[in-house]
Amino acid sequence: MSELHGMLGDGEVILVTARRHPLFLAGRLALFVIAALILIGVGIWMAVSYNLYIGIVLWVISLVPIVIALVKFLSWRNEVYAVTNDRIVQVEGLLSRRVFDSSLEKVNDILLTQSLFGRMFNYGTIEIITGSDAGLNRLDALKAPLDFKRAILDARNTLEGHGRLAKQQFVVDDRSQLLESLDNLRSSGVLSDAEYEIKRARLIGGQPDR
(Lines give C-alpha, C1' and ligand atoms only; values in the text may rest on other atoms or scores of the structure.)
Protein backbone atom coordinates (compact mmCIF):
# COMPACT_ATOMS: atom_id res chain seq x y z
CA MET A 1 0.00 0.00 0.00
CA SER A 2 2.89 2.36 0.74
CA GLU A 3 4.17 1.79 -2.79
CA LEU A 4 0.76 2.78 -4.15
CA HIS A 5 0.89 6.04 -2.21
CA GLY A 6 4.27 6.73 -3.80
CA MET A 7 2.64 6.65 -7.25
CA LEU A 8 0.20 9.46 -6.49
CA GLY A 9 0.50 12.89 -8.07
CA ASP A 10 0.16 16.26 -6.40
CA GLY A 11 -3.26 16.62 -4.82
CA GLU A 12 -4.20 13.03 -5.67
CA VAL A 13 -5.78 10.95 -2.90
CA ILE A 14 -6.90 7.32 -2.72
CA LEU A 15 -10.67 6.95 -2.32
CA VAL A 16 -10.96 3.16 -2.17
CA THR A 17 -8.76 0.09 -2.66
CA ALA A 18 -9.67 -3.51 -3.50
CA ARG A 19 -8.19 -6.92 -4.26
CA ARG A 20 -9.36 -10.06 -5.94
CA HIS A 21 -11.62 -12.12 -3.71
CA PRO A 22 -9.89 -14.79 -1.55
CA LEU A 23 -12.02 -17.42 -3.31
CA PHE A 24 -10.19 -16.51 -6.51
CA LEU A 25 -6.91 -17.19 -4.73
CA ALA A 26 -8.20 -20.46 -3.26
CA GLY A 27 -9.18 -21.68 -6.72
CA ARG A 28 -5.69 -20.97 -8.06
CA LEU A 29 -3.94 -22.62 -5.12
CA ALA A 30 -6.13 -25.68 -4.61
CA LEU A 31 -4.53 -27.89 -7.27
CA PHE A 32 -0.97 -27.15 -6.13
CA VAL A 33 -1.78 -27.67 -2.44
CA ILE A 34 -3.51 -30.98 -3.17
CA ALA A 35 -0.57 -32.10 -5.32
CA ALA A 36 1.89 -31.24 -2.53
CA LEU A 37 -0.17 -33.10 0.08
CA ILE A 38 -0.41 -36.18 -2.14
CA LEU A 39 3.35 -36.19 -2.77
CA ILE A 40 4.07 -35.79 0.94
CA GLY A 41 1.61 -38.55 1.86
CA VAL A 42 2.94 -40.95 -0.75
CA GLY A 43 6.49 -40.08 0.30
CA ILE A 44 5.72 -40.98 3.92
CA TRP A 45 4.16 -44.26 2.84
CA MET A 46 7.11 -45.11 0.58
CA ALA A 47 9.63 -44.21 3.28
CA VAL A 48 7.90 -46.37 5.89
CA SER A 49 6.90 -49.31 3.71
CA TYR A 50 9.53 -49.55 0.98
CA ASN A 51 12.45 -47.22 0.59
CA LEU A 52 13.43 -44.14 2.58
CA TYR A 53 15.29 -42.56 -0.33
CA ILE A 54 12.24 -42.75 -2.61
CA GLY A 55 10.23 -41.06 0.11
CA ILE A 56 12.83 -38.29 0.39
CA VAL A 57 12.75 -37.76 -3.38
CA LEU A 58 8.96 -37.40 -3.27
CA TRP A 59 9.22 -34.91 -0.41
CA VAL A 60 11.70 -32.85 -2.40
CA ILE A 61 9.41 -32.96 -5.44
CA SER A 62 6.52 -31.79 -3.23
CA LEU A 63 8.41 -28.53 -2.73
CA VAL A 64 7.72 -27.58 -6.37
CA PRO A 65 3.92 -27.13 -6.03
CA ILE A 66 4.47 -25.57 -2.60
CA VAL A 67 6.79 -22.93 -4.07
CA ILE A 68 4.38 -22.29 -6.97
CA ALA A 69 1.50 -21.84 -4.51
CA LEU A 70 3.61 -19.46 -2.42
CA VAL A 71 4.49 -17.36 -5.47
CA LYS A 72 0.83 -17.17 -6.48
CA PHE A 73 -0.14 -16.13 -2.96
CA LEU A 74 2.48 -13.38 -2.86
CA SER A 75 1.39 -12.19 -6.31
CA TRP A 76 -2.19 -11.96 -5.03
CA ARG A 77 -1.01 -9.98 -2.00
CA ASN A 78 0.91 -7.55 -4.23
CA GLU A 79 -1.99 -7.05 -6.64
CA VAL A 80 -4.12 -4.05 -5.74
CA TYR A 81 -6.73 -1.89 -7.43
CA ALA A 82 -7.46 1.66 -6.36
CA VAL A 83 -9.74 4.56 -7.24
CA THR A 84 -8.31 8.03 -6.71
CA ASN A 85 -9.86 11.42 -7.32
CA ASP A 86 -8.18 11.42 -10.74
CA ARG A 87 -7.83 7.84 -12.06
CA ILE A 88 -8.24 4.10 -11.61
CA VAL A 89 -4.96 2.35 -10.79
CA GLN A 90 -4.17 -1.35 -11.24
CA VAL A 91 -0.86 -2.58 -9.76
CA GLU A 92 0.35 -6.13 -10.41
CA GLY A 93 3.54 -8.16 -10.18
CA LEU A 94 5.84 -9.73 -7.62
CA LEU A 95 9.42 -9.24 -8.79
CA SER A 96 8.60 -6.98 -11.72
CA ARG A 97 5.89 -4.34 -11.57
CA ARG A 98 3.03 -3.63 -13.99
CA VAL A 99 1.01 -0.47 -13.39
CA PHE A 100 -2.04 0.26 -15.51
CA ASP A 101 -4.24 3.28 -14.94
CA SER A 102 -7.29 4.79 -16.59
CA SER A 103 -8.12 8.46 -16.31
CA LEU A 104 -11.59 9.11 -14.90
CA GLU A 105 -12.16 11.65 -17.66
CA LYS A 106 -11.81 8.87 -20.27
CA VAL A 107 -14.17 6.39 -18.59
CA ASN A 108 -17.14 5.98 -20.92
CA ASP A 109 -18.94 3.08 -19.29
CA ILE A 110 -18.62 0.55 -16.46
CA LEU A 111 -19.98 -2.99 -16.75
CA LEU A 112 -20.39 -5.10 -13.61
CA THR A 113 -20.98 -8.86 -13.98
CA GLN A 114 -21.80 -11.14 -11.04
CA SER A 115 -22.69 -14.82 -11.10
CA LEU A 116 -24.95 -16.41 -8.51
CA PHE A 117 -21.94 -17.38 -6.42
CA GLY A 118 -20.50 -13.93 -6.98
CA ARG A 119 -23.59 -12.35 -5.43
CA MET A 120 -23.51 -14.85 -2.56
CA PHE A 121 -19.83 -14.27 -1.74
CA ASN A 122 -19.63 -10.62 -2.84
CA TYR A 123 -17.29 -10.75 -5.81
CA GLY A 124 -17.62 -9.95 -9.50
CA THR A 125 -15.98 -8.71 -12.68
CA ILE A 126 -15.79 -5.02 -13.57
CA GLU A 127 -15.08 -3.96 -17.15
CA ILE A 128 -14.07 -0.31 -17.53
CA ILE A 129 -14.60 0.95 -21.06
CA THR A 130 -12.47 3.99 -21.81
CA GLY A 131 -11.73 6.24 -24.75
CA SER A 132 -8.03 5.32 -24.77
CA ASP A 133 -6.29 2.98 -27.20
CA ALA A 134 -6.45 0.13 -24.67
CA GLY A 135 -10.22 0.50 -24.71
CA LEU A 136 -10.97 -1.89 -21.87
CA ASN A 137 -9.69 -2.49 -18.37
CA ARG A 138 -10.98 -5.80 -16.97
CA LEU A 139 -10.88 -6.53 -13.23
CA ASP A 140 -11.78 -10.17 -12.59
CA ALA A 141 -13.08 -11.67 -9.32
CA LEU A 142 -12.94 -8.30 -7.56
CA LYS A 143 -14.03 -8.25 -3.92
CA ALA A 144 -16.96 -5.90 -3.13
CA PRO A 145 -17.37 -4.83 -6.79
CA LEU A 146 -20.45 -2.68 -6.12
CA ASP A 147 -18.49 -0.47 -3.71
CA PHE A 148 -15.66 -0.19 -6.24
CA LYS A 149 -18.02 0.76 -9.07
CA ARG A 150 -19.82 3.29 -6.87
CA ALA A 151 -16.49 4.88 -5.95
CA ILE A 152 -15.60 5.25 -9.64
CA LEU A 153 -18.95 6.88 -10.45
CA ASP A 154 -18.76 9.25 -7.47
CA ALA A 155 -15.19 10.28 -8.30
CA ARG A 156 -16.04 10.83 -11.97
CA ASN A 157 -19.10 12.93 -11.10
CA THR A 158 -17.04 15.02 -8.68
CA LEU A 159 -14.33 15.53 -11.31
CA GLU A 160 -16.88 16.56 -13.94
CA GLY A 161 -18.49 18.97 -11.45
CA HIS A 162 -15.14 20.62 -10.76
CA GLY A 163 -14.56 20.90 -14.51
CA ARG A 164 -17.88 22.67 -15.04
CA LEU A 165 -17.17 25.08 -12.19
CA ALA A 166 -13.73 25.87 -13.59
CA LYS A 167 -15.21 26.51 -17.02
CA GLN A 168 -17.88 28.81 -15.59
CA GLN A 169 -15.25 30.68 -13.58
CA PHE A 170 -13.15 31.11 -16.74
CA VAL A 171 -16.15 32.60 -18.58
CA VAL A 172 -16.86 34.99 -15.71
CA ASP A 173 -13.22 36.08 -15.49
CA ASP A 174 -13.01 36.56 -19.26
CA ARG A 175 -16.19 38.65 -19.29
CA SER A 176 -14.90 40.79 -16.41
CA GLN A 177 -11.72 41.53 -18.34
CA LEU A 178 -13.70 42.54 -21.44
CA LEU A 179 -15.94 44.84 -19.39
CA GLU A 180 -12.86 46.44 -17.86
CA SER A 181 -11.46 46.98 -21.36
CA LEU A 182 -14.69 48.66 -22.45
CA ASP A 183 -14.53 50.98 -19.44
CA ASN A 184 -10.99 51.95 -20.37
CA LEU A 185 -12.01 52.65 -23.99
CA ARG A 186 -14.87 54.87 -22.86
CA SER A 187 -12.65 56.68 -20.35
CA SER A 188 -10.04 57.36 -23.04
CA GLY A 189 -12.68 58.70 -25.43
CA VAL A 190 -12.37 55.90 -28.00
CA LEU A 191 -15.99 54.88 -27.38
CA SER A 192 -18.92 57.19 -26.86
CA ASP A 193 -21.40 56.51 -24.05
CA ALA A 194 -23.95 55.15 -26.54
CA GLU A 195 -21.40 52.84 -28.18
CA TYR A 196 -20.26 51.70 -24.76
CA GLU A 197 -23.80 50.80 -23.66
CA ILE A 198 -24.47 48.87 -26.87
CA LYS A 199 -21.28 46.83 -26.62
CA ARG A 200 -21.76 46.26 -22.90
CA ALA A 201 -25.31 45.01 -23.44
CA ARG A 202 -24.16 42.63 -26.17
CA LEU A 203 -21.38 41.34 -23.93
CA ILE A 204 -23.58 40.57 -20.93
CA GLY A 205 -26.51 39.42 -23.08
CA GLY A 206 -28.84 42.22 -21.99
CA GLN A 207 -30.29 45.37 -23.53
CA PRO A 208 -28.62 48.77 -23.71
CA ASP A 209 -29.66 51.28 -21.08
CA ARG A 210 -32.09 53.88 -22.29
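Residues numbered from 1 in each chain as written. Predicted model: local features only at pLDDT ≥ 70, side-chain atom pairs only at ≥ 80, totals over all residues. Heavy atoms only, no water.

**Considering the overall build of the chain**
Note the threshold: A helix here means a DSSP run of H or I that spans at least four residues, while a strand means a run of E at least two residues long, and both kinds are numbered starting from the N terminus. A simple rule labels every residue: compare its accessible area, found with a 1.4 Å probe on the protein chains alone, to the largest value its type can have, and call it buried under 20%, exposed over 50%, or partly exposed in between. By definition in these notes, contact holds between two residues if any of their heavy atoms fall within 4.5 Å.
When you go through the chain residue by residue, the secondary structure sums to six helices and seven strands. Going from the N terminus to the C terminus, the chain shows its helices and strands as α-β-α-α-β-β-β-β-α-β-β-α-α. Expressed as a percentage of the 210 residues in the chain, the buried residues total 28%. When contacts within the chain are restricted to residue pairs at least 6 apart in sequence, those whose partners lie at least 24 apart make up 48%.

**Digging into the environment of K106**
Here K106 lies in the loop between β4 (98–103) and β5 (107–113). Here the alpha-carbon distance between K106 and R87, two residues 19 residues apart in the chain, equals 9.2 Å.

**Concerning the pattern of salt bridges**
To keep things clear, this is the line we draw: Definition used for salt bridges: Asp or Glu carboxyl oxygen within 4 Å of a side-chain nitrogen of Lys or Arg.
Tallied over the entire structure, the rule returns five salt bridges. Two residues, R98 and E92, come together in a salt bridge whose shortest N-O distance is 3.3 Å. Salt-bridge contacts for R150 lead to D147; the nearest nitrogen and oxygen are separated by 3.0 Å. Taken together, the residues span about one helical turn, with R150 and D147 both in helix α5 (residues 145–187) at a distance of three residues.

**A few points about the sheet that holds strand β1 (residues 14–18)**
Selection rule: Paired strands are those between which DSSP finds at least two bridges. Here an angle of 0 to 180 degrees is reported between the N-to-C directions of two axes, which are lines fitted to C-alpha atoms, with helices fitted over the stretch in contact.
Here four strands make up an open sheet; going across it, the order is β1-β2-β3-β4 and the pairing antiparallel. Whereas interior strands pair on both sides, the edge strands pair on one side only; in this sheet they are β1 and β4. Geometrically, the sheet is characterised by an average inter-axis angle of 15° between neighbouring strands, direction not taken into account. When strand β3 (residues 87–92) meets β4, the two strands line up antiparallel, connected through six bridges. Counted as the bridge partner of V89 is D101 from β4.

**Digging into the nonpolar core**
Just so we agree on the cut-off: We call a set of buried residues a nonpolar core when its members are Ala, Val, Leu, Ile, Met, Phe, Trp, Tyr or Cys and they connect through side-chain atoms within 4.5 Å of each other.
Counting residues in hydrophobic clusters, the biggest one holds 16 residues, and the most contacted among them are I88, I128, L142, F148 and I152. Filtering out sequence-adjacent residues up to four positions away, F148 remains in contact with V16, A18, Y81, A82, V83, I88, I126, L139 and L142.

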